[in-house]
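Chain by chain, the residues:
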Amino acid sequence: MYYNDDSVLFFDGEYVKAKDAKTDLYSQSLHYGYSVFEGIKSYKTANGIKIFKAEEHYDRLRKSAESMMMPFDYSTKDMVEATYKLLEINRLSNAYIRPIVISSPNMSLSKGQKSYLVIEVWNWDNGYLTNKMRIMTSSFQRPNPKAFKVEAKVSGHYVNSILACQEAKDKGFDEALVLDVNENVAESSGANVFFEQDGKLFTPAKGNILPGITRATVFEICDNLGISYEEKFFKPEEMQGADAGFFCGTAAEIVALDSLDNIPFKLNWEDSLSSKVQTAYRHLVLEEDYLYLKSENLILEK
Ligand code: PMP
């Protein structure tokens, strides 16, 4: 699914066959979840193959490595160039890109001695999800920001995501809505969350979440379309039965929510401002104009 005999990945400066690449079984990354990574997508746009928000993602990777005290000296520019080359070698256009910084053999709990950059790419042709998600409030909380660097994308954090996601699936839901240590809404297992009420969008304030690049892109779209939004702390009860809601992240893009804890969102998705944001995002990743949605918005708001 992710690679075949011909797939090539980037391993510490070299382009090597995925099937021949090796990692160390004595690494701190494997034993302690001490690695940082990114999730990025490329699209076949009218202007050629483009990695969406490439600089933002690689800047975040460098910051994640720095906050985990992992030695890492790739520049954003070098990583972006290496990724375009890797897409070309693998003949991919619509792709998922997974860079990961892994550490060298070390069983101690002191900071990393040496790290390696690996970049993996695979085909991601399915567009955005059209099924609306039924989500539930998780019994798991997101990691305490006093225990983890929550704004860094660290592998170890995702054990919490697996617990929350699987709990939701076991209970017959599509995904989890995970609260923070104060029982305010934080995010999903791998995406940020918004809800819409009376023509305005709301999303959890920073502090307990991974503030996503897609979340920032939603703000950018809202600014351009004249849609108002607010970052604030709120309880799940405020979101239950709101007009609309969505998850957003690089992989999922903008996914409509059907219900939270079996309480449906009120509007037809197509009638919500959130669906305009979803359409605009699709246009943006494909480098197409979306400002025509602005006038429709004004009509909606009357
Ligand atoms: N929160 C979590 C926990 C995530 O794993 C992700 C996906 N990286 C996001 C939010 C969304 O981040 P982005 O929009 O940068 O993909």
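Residues numbered from 1 in each chain as written. Predicted model: local features only at pLDDT ≥ 70, side-chain atom pairs only at ≥ 80, totals over all residues. Heavy atoms only, no water.

J.: Got a sec to walk through the overall build of the protein? Specific residues and values, please.
T.: Broken down by element type, the protein carries 8 helices and 16 strands. Here the C-alpha atoms of the protein give a radius of gyration of 20 Å, agreeing with the 19 Å that 2.2 N^0.38 yields for 302 residues. Principal axes of the C-alpha set define a box for the protein whose edges measure 60 × 45 × 30 Å. For the protein, buried positions account for 51% of its 302 residues. Nonlocal contacts in the protein, meaning residues at least 24 apart in sequence, comprise 69% of its contacts between residues at least 6 apart. (Helix = DSSP H or I, 4+ residues; strand = E, 2+ residues; numbered from the N terminus. Rg over C-alpha atoms; globule rule 2.2 N^0.38 Å. Buried < 20%, exposed > 50% of the residue type's maximum accessible area, 1.4 Å probe, protein only. Contact = heavy atoms within 4.5 Å.)

J.: Before we move on, can you summarise the site of the ligand with the specific residues and values?
T.: Taken together, 15 residues lie around the ligand, and K153, Y158, E187, T214 and T250 are the ones closest in. Note that an oxygen atom of the ligand is positioned 2.5 Å from one of the side-chain N or O atoms of Y158. T250 places a polar side-chain atom, nitrogen or oxygen, 2.6 Å from an oxygen atom of the ligand. Contact with the protein chains removes 96% of the 390 Å² of surface that the ligand exposes when unbound. Taken atom by atom, the bulk of the ligand overlaps the largest pocket. The residue makeup of the shell around the ligand, split by class, is 4 nonpolar, 7 polar and 4 charged. (Near = heavy atom within 4 Å. Polar contact = N/O pair within 3.5 Å; in protein donor to acceptor, adjacent residues only side chain to side chain. Areas by Shrake-Rupley, 256 points an atom, 1.4 Å probe, with all protein chains shown as cover. 1 Å grid on protein atoms, 1.4 Å probe; cavity = no way out; pocket = protein on both sides within 12 Å on 5 of 7 lines; lining within 4 Å. Sits in = over half its atoms within 2 Å of the grid points. Nonpolar A, V, L, I, M, F, W, Y, C, P; charged D, E, K, R; others polar.)

J.: Could you give me a rundown of helix α7 (residues 273-285), with the residues and numbers involved?
T.: Counted at 1.5 Å a residue, the expected span for α7 with its 13 residues is 18 Å, and the 19 Å between its end C-alpha atoms agrees. Most of α7 sits out of view: 12 of its 13 residues are buried. Of the positions making up α7, those classed as buried are L273, S274, S275, K276, V277, Q278, A280, Y281, R282, H283, L284 and V285. Looking at the residues trailing α7, positive phi occurs at E287, about 60°. (Expected span 1.5 Å × (residues − 1).)

J.: Could you give an account of the nonpolar core, with specific residues and numbers?
T.: Ranked by internal contacts, the top residues of the largest apolar core, which has 27 residues, are V36, Y58, L61, I97, L117 and I119. For this core, the elements supplying multiple residues, two or more each, are β1 (8-11), α2 (54-67), α3 (76-89), β6 (95-103) and β7 (115-123). In this structure I97 touches E38, G39, I40, K41, S42, I51, Y58, T83, L87, I119, E120 and V121, once residues within four positions along its chain are discounted. In this structure, C248, A280, L284 and Y290 belong to the second largest nonpolar core, which totals 25 residues. (Core = buried A, V, L, I, M, F, W, Y, C linked by side-chain atoms within 4.5 Å.)

J.: Quick one: what's the story with the packing of aromatic side chains, residue by residue and with numbers?
T.: Centre-to-centre distance and the angle between the planes together describe a pair of aromatic rings. Considering all chains together, one arrives at 15 aromatic pairs under this definition. Here the aromatic rings of F194 and F219 are separated by 6.0 Å at their centres, their planes lie at 70°, and the arrangement is edge-to-face. Taken together, the residues F194 in strand β11 (residues 192-197) and F219 in helix α5 (residues 213-225) connect sequence positions 25 residues apart. Across the pair, exposure class does not vary: F194 and F219 are buried alike. Geometrically, the ring pair formed by F194 and F246 is stacked, given 4.9 Å between the ring centres and 10° between the ring planes. A residue pair is termed long-range when its members are at least 10 positions apart, and F194 in strand β11 and F246 in strand β14 (residues 244-249) qualify at 52 residues. Through a chain of ring-to-ring contacts, three or more aromatic side chains come together here, namely Y2, Y96, W122 and W124. Of note, K114 hangs over the ring of Y116, and the distance from its end group to the ring centre comes to 4.9 Å. Directly above the ring of F202 sits K232, whose terminal nitrogen or CZ lies 4.7 Å from the centroid. (Phe/Tyr/Trp six-rings, centres within 6.5 Å; stacked < 30°, edge-to-face > 60°. Lys NZ or Arg CZ within 6 Å of the ring centre and 35° of its normal.)

J.: Report on the layout of surface pockets, specifying residues and quantitative values.
T.: Within this model, the largest pocket holds a volume of roughly 1,100 Å³. Every residue lining the largest pocket is counted, 43 residues in all, and those nearest its centre are Y96, W124, G190, A251 and A252. Looking at the lining of the largest pocket, the elements with two or more residues in it are α2, β6, β7, α4 (158-170), α5 and β14. A total of 5 residues in the lining of the largest pocket trace back to one element, the largest contributor, which is α4. Residue composition of the lining of the largest pocket, grouped by class: 20 nonpolar, 14 polar and 9 charged. Shared between two domains, the lining of the largest pocket holds at least three residues of each, these being domain 1 (8-123) and domain 2 (133-295). Elements supplying a minimum of two residues to the lining of the second largest pocket: β1, α1 (28-32), β6 and β7. Per-element tally for the lining of the second largest pocket: the top contributor is β7, with 4 residues. Looking at the lining of the second largest pocket, its residues break down into 14 nonpolar, 7 polar and 3 charged. (Points joined across faces, edges and corners; volume = space filled by probe spheres on them. Domains from an automatic or database assignment.)

J.: Help me get a handle on α2, residues and values and all.
T.: The end-to-end C-alpha distance of α2 is 20 Å, a good match for the 20 Å that 14 residues give at a rise of 1.5 Å each. Within the span of α2, buried status applies to A54, H57, Y58, R60, L61, S64 and A65. Along the long axis of α2, the arc covered by the buried residues comes to 155°, so they all point the same way. Facing away from the buried side of α2, by more than 90 degrees, are the exposed residues K63 and E66. Phi turns positive one or two residues past the end of α2, at M69, with a value near 60°. (Arc of directions from axis to C-beta.)

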